[in-house]
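Chain by chain, the residues run as shown.
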Amino acid sequence: MTNDTNTKRNHSRRQRVVRFVVGLFAWVSAILIYYIGFSFLFDTPYEHQLRQDNNKLRQEYNSMAERYDSLEMILDNITARDKSVFRILFESNPYDLDTEQSEERLALQEKTISKPKRELESDLNQRINELSKHVDKLESSWKRIKTLGDSLGQNSSNIPSIQPVLNKQLTLLTAGYGTILNPFYRTLKSHQGIDYTVAEGSSVFATADGVVKEISDKNSTLGKTIVIDHQNGYKTSYSHLMSVVVRRGQKVERGDIIALSGNSGLSLAPHLHYEVRYNDMRIDPIHYFFMELTPDEYQRIIRIAQSGMQSFD
């Protein structure tokens, strides 16, 4: 009798445990199902705020992407128009310095990355040695130049050393010294000066101290022209002028306004033709801007002058 009673009690206890486990599992399942369903149907305040922020960011991104595409299209159109105008006017392709430099830098970078470490160290040491030698040469050259400059004294003011027009951005130089294309006959010719595209009436400056030697008539090929004798073998000339504000025999100083630029003579468009002569030989004026150009600006204007193949006279 006692065994039957114990058996019934154990059986009843197991049933209660099973019912409790099943009930607990059912409640947990119900809670999970409710939470999952609520999460799908409703957002918490934090999730709602995140969703709004994401939507705003997505809208801003789409707006910026559309604006970028629009600006890129406008820039491409402007670039295409500029190139078209350049080809029509100069009958040549524009010289793209930035692209050329970019390609050179990428090629150099790829070549450098592919080198082993030991070879890179060897190249670095070699470059350091070359730079040291170059610095020694520059120091020696600087001492010689300083000695020469000191010996010039006040005569240094008579050496052409600035640009004849305001060209701080270095964007006005259109034709350099050398063989270029004649705009009227479409043949190559010797261009013994440099051209600046400046609006009519722009100020033209004396590039060194001197005396006005000549003021030619506007009916000549070079139009109205001023020649300044700097009395040390140097002479400078300024052509295609609109008007002259100095007189023959007048003394001028570097930076004085001597004329207003124009389009006189045989000229394709308003510009200034500038020449430097030494002992009656025309030389490249591009090397006589040292008072106002940094080394980097000097290198840049050299490249600009070398890329120009079309003059306006």
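Up top you'll find the structure we're talking about.
Residues numbered from 1 in each chain as written. Predicted model: local features only at pLDDT ≥ 70, side-chain atom pairs only at ≥ 80, totals over all residues. Heavy atoms only, no water.

Our focus in this paragraph is the packing of aromatic side chains. Overall, the coordinates contain three aromatic pairs when judged by the stated rule. Pairing Tyr234 with Tyr278 gives two aromatic rings, centres 4.5 Å apart and planes at 40°, and the pair type is tilted. A residue pair is termed long-range when its members are at least 10 positions apart, and Tyr234 in strand 8 (residues 234–244) and Tyr278 in strand 11 (residues 272–278) qualify at 44 residues. Under the relative-accessibility criterion, Tyr278 is labelled partly exposed at 35%. A ring pair is formed by Tyr238 and Tyr274, whose centres lie 5.3 Å apart and whose planes are at 45°; its orientation type is tilted. Residue Tyr238 is found in strand 8, and its partner Tyr274 is found in strand 11; the two are separated by 36 residues along the sequence. Tyr274 shares its class with Tyr238; the two are buried. Feature note: the residues Tyr234, Tyr278 and Tyr288 constitute an aromatic cluster, connected by ring pairs. (Phe/Tyr/Trp six-rings, centres within 6.5 Å; stacked < 30°, edge-to-face > 60°. Helix = DSSP H or I, 4+ residues; strand = E, 2+ residues; numbered from the N terminus. Buried < 20%, exposed > 50% of the residue type's maximum accessible area, 1.4 Å probe, protein only.)

It is worth spelling out the nonpolar core at this point. Residues Leu173, Tyr196, Ile226, Tyr238, Ile258, Leu272 and Phe289 are the most contacted members of the largest nonpolar core, which totals 30 residues. At the level of elements, strand 4 (194–196), strand 7 (224–229), strand 8, strand 10 (257–261), strand 11 and helix 5 (295–307) are the ones that each hand at least two residues to this core. A total of four residues in this core trace back to one element, the largest contributor, which is helix 5. In this structure, Phe289 is in contact with Ser161, Ile162, Gln163, Pro164, Ile194, Tyr196, Tyr274 and Ile301, ignoring residues within four places of it in sequence. (Core = buried A, V, L, I, M, F, W, Y, C linked by side-chain atoms within 4.5 Å. Contact = heavy atoms within 4.5 Å.)

What follows covers the pattern of salt bridges. Under the counting rule described, the total for this entry stands at three salt bridges. When the shortest N-O distance is used, the salt bridge between Lys235 and Asp280 registers 3.5 Å. In this pair, Lys235 is assigned in strand 8 and Asp280 in the loop between strand 11 and strand 12 (281–283), connecting sequence segments 45 residues apart. We classify Lys235 as buried; its relative accessible area is 15%. (Salt bridge = Lys/Arg side-chain N within 4 Å of Asp/Glu carboxyl O.)

No statement about biological role is implied by the geometric values presented.
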